[in-house]
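# Understanding the architecture of this molecule
This is what each chain is made of:
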Amino acid sequence: FKLAHKNELSTIVDGVPTLDPTIIIVDSIAATITDKQQEEGTSNNMTGATRAKDLGETFNILNPLLAPANITLFLINHLHEDVQTGITPKAALLRDLKQGETMPGGKNLLYLIGTNVILRRGAKLKEDKEYGVDGSYINMVLAKSRGAATGKERSLIFIPEKGFQWDLSLFDYLVDLGRM
């Protein structure tokens, strides 16, 4: 996506009343490179502020064009340890980030996204114990949403060879609620 083609892209999107639902997955934000970086020959090793500014500019232009085109954009971002340079720790950017955690892309990117889901590896599951599977809990929390309650954590059961186990995850949730 080139910033220079904003008007052209906008005309294309306006000309098509409804597109088939489309999902675009970008993995990962930290690995993306903007056209500006490519043209200037810079890499992802630029300063965090410059990179955040470039990403912010890109998504400021891209975001309003996606909904009318029936496009959902999933951005995969990874939690990083925030480098602390002062005596007092910095406040977390989102309430569900732990102290000392940060995400690449800067504050602008966190503001622009509509929904932010944080996944963290939880306790391990052993085949001879819980549910008879060898895997782990993945704790999922809705950290930001423009249309749903945030802050509630749910555990999903993940088996590396098979992926997420929705039936076991639902059963585990019902057990937590005391309904099983």
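Predicted model only: the values in this text are computed from it and were never measured.

Moving on, we come to the overall build of the protein chain. Check the secondary structure of the protein chain and you find five helices and eight strands. Of the regular secondary structure in the protein chain, the N- to C-terminal order runs α-β-α-α-β-β-β-α-β-β-β-β-α. Residues classed as buried in the protein chain amount to 30% of the 180 residues present. In the protein chain, the proportion of contacts linking residues at least 24 apart, taken out of those at least 6 apart, comes to 46%. Summed over all atoms, the accessible surface of the protein chain reaches about 12000 Å², with 56% contributed by carbon and sulfur.

Our next topic: a negative patch on the surface. Taken together, the side chains of E127, D128, E130, D134 and E161 make up a negatively charged region of the molecular surface. Checked against the element boundaries, E130 lands in the loop between β5 (115–125) and β6 (135–145). Of the residues examined, E130 reaches a relative accessible area of 37% and is grouped as partly exposed.

The next point concerns a positive patch on the surface. Where like charges cluster on the molecular surface, the positive patch consists of R121, K124, K126 and K129. Mapped onto the secondary structure, K124 falls in strand β5.

Before going further, it helps to spend a moment on the sheet that holds strand β8 (residues 163–164). Pairing is antiparallel in the open sheet, where four strands are placed in the order β5-β6-β7-β8. The open sheet has two edge strands, β5 and β8, and neither has a second partner. Sheet topology places β6 next to strand β7 (residues 153–159); six bridges connect them, and they run antiparallel. Note on β7: the bridge partner recorded for V141 is E153.

This next bit is on the side chain of S169. Looking at where S169 falls in the secondary structure, it is placed in helix α5 (residues 166–176). A polar side-chain atom of S169 sits 2.8 Å from the main-chain amide nitrogen of I157. Residue contacts for S169: discarding those within four places in its chain leaves S155, L156 and I157.

Once that is clear, we can look at the environment of V175. Within the secondary structure layout, V175 lies in helix α5. Filtering out sequence-adjacent residues up to four positions away, V175 remains in contact with Y131 and M180.

Regarding α5, the residues found buried are L168, S169 and D172. In an axial view of α5, the angular spread of the buried residues amounts to 100°, which keeps them on one side of the axis. Opposite the buried face of α5, at more than 90 degrees from it, the exposed residues are W166 and D167. On its buried side, α5 packs onto β6 and β7. Just downstream of α5, G178 is the residue with a positive phi angle, here 80°.

This next bit is on the nonpolar core. Of all hydrophobic cores here, the largest spans eight residues; its members are L94, L97, M103, L110, I113, I118, V141 and A143. Setting aside anything within four residues of it in sequence, one finds I113 in contact with L75, K144 and R146. Membership of the second largest hydrophobic core comes to seven residues, among which are I29, L55, L62 and L109.

Negative phi is the rule for most residues except glycine; trans is the rule for most peptide bonds. Unusually for a residue other than glycine, N70 sits at a positive phi of about 65°. Look at N70 and you get partly exposed, because its relative accessible area is 32%.

As enumerated under the stated definition, the model contains three aromatic pairs in all. Taken together, the aromatic side chains of F158, F164 and W166 make up a single cluster linked through ring pairs.

Moving on to the pairing of β7. Sheet analysis places β7 next to β8, joined by two bridges and oriented antiparallel. Bridging across to β8, F158 finds its partner in F164. Linking two consecutive strands that pair antiparallel, namely β7 and β8, is a turn of three residues.

Conventions we followed
Residues numbered from 1 in each chain as written. Predicted model: local features only at pLDDT ≥ 70, side-chain atom pairs only at ≥ 80, totals over all residues. Heavy atoms only, no water. Helix = DSSP H or I, 4+ residues; strand = E, 2+ residues; numbered from the N terminus. Buried < 20%, exposed > 50% of the residue type's maximum accessible area, 1.4 Å probe, protein only. Contact = heavy atoms within 4.5 Å. Areas by Shrake-Rupley, 256 points an atom, 1.4 Å probe, with all protein chains shown as cover. Patch = residues over 30% accessible without salt bridge, like charges linked within 9 Å, V, L, I, M, F, W, Y side chains within 5 Å. Salt bridge = Lys/Arg side-chain N within 4 Å of Asp/Glu carboxyl O. Lys, Arg positive; Asp, Glu negative; His and termini not counted. Charge placed at Lys NZ, Arg CZ, Asp CG, Glu CD. Pairing = 2+ DSSP bridges. Polar contact = N/O pair within 3.5 Å; in protein donor to acceptor, adjacent residues only side chain to side chain. Arc of directions from axis to C-beta. Core = buried A, V, L, I, M, F, W, Y, C linked by side-chain atoms within 4.5 Å. Phe/Tyr/Trp six-rings, centres within 6.5 Å; stacked < 30°, edge-to-face > 60°.

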